[in-house]
Amino acid sequence: MEPIIPGIQVRSREEDYINIQPIQAAGRLTLEARKALISYGDGYSVCDFCLRPFRLDKIHKPAINQFTLDLAEFLNMDEARVVRGARRAFQIVVNSLVEKGETVLVSSIGHYSLALAVESRGALWREVPLNEENIVTSEDVASKIDSIKKESGSLPKLVAIHHVDYQFGNLHPVAEIGKVCRDYGIPFLLNGAYTVGTMPVDGKKLNADFVVGSGHKSMAAPAPTGVLAATEEYAAKVFRTTKAEGDVSGRKFGIKETELLGCTVMGAPLVALMASFPKVRERVKNWDDEVEKVNYFTQEFLKIPGNKVLSELPRKHTLTKVDTTETFGKVSETHKKKGYFFTNELSKRGIVGPFPGATHAYKINTYGLSWSQIKHLSESYLDIAREYDLI
Ligand SMILES: Cc1ncc(COP(=O)(O)O)c(C=O)c1O
């Protein structure tokens, strides 16, 4: 196919293949989002009707104001804003609650961007270790809070833990963690980068003061999009409006929200996120089916002797870490194409996603595959294993 311009190929991976790439699966656009991208592609396309009081989340055409309210309701939180990715949400919260030299408690497999948000504030991040099942428990959160208090004389200013982590795709007991935080009086940020938009997330039930989501990871939206939702108490802090005034001009900037720098996502990515939302709101209701499908896959995958699933079993999320060192990894040792033989075999069967050459430990994400695609994926693994005399 002709490139769009030299150096930019047409990307047709979602149309041509079953894509099980771990971070792409739930960000795949809906048809509505694709239409929105084309229609709202011009720079400040949502600004036609930006009327007084001049703020993105107040625009009614397109209905950004209603969407912002819907997002808060969807997450059962009091207020929400669209931001440029989950990482920006972390930064907004850290900037608002944490001072230089203070501590934020994260998980030992927390996302790097959270650590960077803390570091960029001049604050410190400390980690809660995983237990032997690769889970962050509420007991370990409590004991780390105690040890930080003992060492530094003060409590962490924020606890930020993933609902589902990016390393194993394990589901962590965040309601209990949130309860512990509440008991200590520490705000709790629930990182729902893998869950907001794929499975039901009820912020209040999970004892969260903040819920963070990623549009491009889990809400069928283009980058850079994300969501920051907060309780009323904390919304007043993170969505505070500007107070300063120009010393020469005397200018003030009304109701612009300081940490959001006024407006956040101002064009096609925002409208595409909105355009996918009706389907996203519906699809979270089918989560049980998604979980059933990934468990079907892991059962079939484990029929190949030597294959391992490194994530918790049975699966509670579609992001899954597998290990084929003893099977396809062994074949790769003598194969002239090394590990590429395996990803080539998958791609011959219409499947892409594992990084090229992967035959040891790697992640896949079955989110959004139909039953027939899941069966094809499972059968393809078995078929390749048969071809190389592994079963
Ligand atoms: C657990 C987790 N949190 C946060 C992020 C960052 O999300 P975003 O790209 O929306 O900033 C990621 C991205 O990989 C992630 O896996």
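Remember, predicted model here, so these are calculated numbers, not experimental data. (Residues numbered from 1 in each chain as written. Predicted model: local features only at pLDDT ≥ 70, side-chain atom pairs only at ≥ 80, totals over all residues. Heavy atoms only, no water.)

*Asks:* Sorry, what's going on with helix 5 (residues 112–120) here?
*Replies:* Three or four residues apart is the spacing at which side chains of an α-helix point the same way, because the helix has 3.6 residues per turn. All of the buried residues in helix 5 are Ser113, Leu114, Ala115, Ala117 and Val118. At its buried positions, helix 5 is contacted by helix 4 (86–97), strand 3 (103–107), strand 4 (124–128) and strand 5 (158–162). (Buried < 20%, exposed > 50% of the residue type's maximum accessible area, 1.4 Å probe, protein only. Helix = DSSP H or I, 4+ residues; strand = E, 2+ residues; numbered from the N terminus. Contact = heavy atoms within 4.5 Å.)

*Asks:* Explain the site of the ligand to me, please; I cannot follow it from the model alone.
*Replies:* In the region of the ligand, 13 residues are neighbours, and Ala86, Arg87, Ser214, His216 and Lys217 sit closest. A distance of 2.9 Å separates a nitrogen atom of the ligand from a polar side-chain atom of Asn191. Here an oxygen atom of the ligand and a side-chain polar atom of His216 are 2.8 Å apart. With the chains in place, 93% of the 390 Å² that the ligand exposes on its own is no longer accessible. Mapped by element, the contributors of at least two residues to the shell around the ligand are helix 4 and helix 8 (215–218). (Near = heavy atom within 4 Å. Polar contact = N/O pair within 3.5 Å; in protein donor to acceptor, adjacent residues only side chain to side chain. Areas by Shrake-Rupley, 256 points an atom, 1.4 Å probe, with all protein chains shown as cover.)

*Asks:* Whenever I open this one, the pairing of strand 10 (residues 319–323) confuses me. Can you help?
*Replies:* For a regular strand, the rule is simple: side chains alternate between the two faces of the sheet. The element strand 10 is extensively covered by neighbouring structure, given that five of its five residues are classed as buried. Residues Leu319, Lys321 and Asp323 of strand 10 are buried on one face, and the alternating residues Thr320 and Val322, pointing to the opposite face, are buried as well. Summarising the sheet, strand 9 (residues 308–309) and strand 10 pair through two bridges and their orientation is antiparallel. Bridging across to strand 10, Val309 finds its partner in Val322. Of the pairings in the sheet, the one linking strand 10 to strand 12 (residues 361–365) comprises five bridges and is antiparallel in character. Within strand 12, the residue paired with Thr320 across the bridge is Ile364. (Pairing = 2+ DSSP bridges.)

*Asks:* How should I be thinking about helix 10 (residues 268–283) in this particular structure?
*Replies:* Given a rise of 1.5 Å per residue, 16 residues ought to cover 22 Å, and the 22 Å separating the end C-alpha atoms of helix 10 matches this to within 8%. The sharpest bend along helix 10 measures roughly 45 degrees and falls at Phe277, with the proline Pro278 sitting one to four residues further on. Taken together, the buried positions of helix 10 are Ala268, Pro269, Leu270, Val271, Ala272, Leu273, Met274, Ser276, Phe277, Val280 and Arg283. Turning to helix 10, the residues buried within the fold contact helix 2 (31–39), helix 3 (64–74), strand 2 (79–83), helix 8 and helix 11 (287–301). (Expected span 1.5 Å × (residues − 1). Bend = angle between axes of the 7 residues up to and from the residue.)

*Asks:* Please explain the packing of aromatic side chains as it appears in this structure.
*Replies:* Geometrically, a pair of aromatic rings is defined through the distance of the ring centres and the angle of the planes. Under the defined criterion, the tally for this structure stands at 14 aromatic pairs. Pairing Phe74 with Phe277 gives two aromatic rings, centres 5.2 Å apart and planes at 85 degrees, and the pair type is edge-to-face. In this pair, Phe74 is assigned in helix 3 and Phe277 in helix 10, connecting sequence segments 203 residues apart. Across the pair, Phe277 and Phe74 agree in class, each one buried. The rings of Phe297, Phe301, Phe328, Phe341, Phe342, Tyr362, Tyr381 and Tyr388 are connected pair by pair, giving a single aromatic cluster. A cation sits over an aromatic face here: Arg81 above Phe239, 4.5 Å from the ring centre. Sitting above the plane of the Phe168 ring, Lys321 keeps its charged end 5.4 Å from the centroid. (Phe/Tyr/Trp six-rings, centres within 6.5 Å; stacked < 30°, edge-to-face > 60°. Lys NZ or Arg CZ within 6 Å of the ring centre and 35° of its normal.)

*Asks:* What's the story with the sheet that holds strand 10 in this structure? I'm lost.
*Replies:* Backbone-to-backbone hydrogen bonds join strands into a sheet, with any given pair of strands oriented parallel or antiparallel. Taken together, three strands build an open sheet; the order of strands is 9-10-12 and the sheet is antiparallel. The open sheet has two edge strands with one neighbour each: strand 9 and strand 12. Where helix 11 meets the sheet, its contacts fall on strand 9, strand 10 and strand 12, and the angle it forms with strand 10 comes to roughly 5 degrees. (Axes fitted to C-alpha atoms, helices over the stretch in contact; angles between N-to-C directions.)

*Asks:* Would you mind showing me how to read the pattern of salt bridges here?
*Replies:* Applying the stated criterion across every chain, the model contains 28 salt bridges. Two residues, Arg81 and Glu257, come together in a salt bridge whose shortest N-O distance is 2.7 Å. Of this pair, Arg81 sits in strand 2 while Glu257 is found in the loop between helix 9 (232–238) and helix 10, placing the two residues 176 residues apart along the sequence. Residue classification places Arg81 among the buried residues on the basis of a relative accessible area of 7%. Across the salt bridge formed by Lys293 and Asp289, the nearest N and O atoms sit 4.0 Å from each other. Separated by four residues within a single helix, Lys293 and Asp289 lie in helix 11, roughly one turn from each other. One connected set of salt bridges, linked through shared partners, spans Glu345, Lys348, Arg349, Glu379, Asp383, Arg386 and Glu387. (Salt bridge = Lys/Arg side-chain N within 4 Å of Asp/Glu carboxyl O.)

*Asks:* Is there a simple way to explain the side chain of Asp209 in this structure?
*Replies:* Within the fold, Asp209 resides in the loop between strand 6 (188–191) and strand 7 (210–214). Among the polar contacts made by the side chain of Asp209, one reaches the side chain of Arg182 at a distance of 3.3 Å. Aside from chain neighbours lying at most four places away, what touches Asp209 is Met77, Arg182, Ile186, Pro187, Phe188, Ala229, Ala230, Thr231 and Tyr234.

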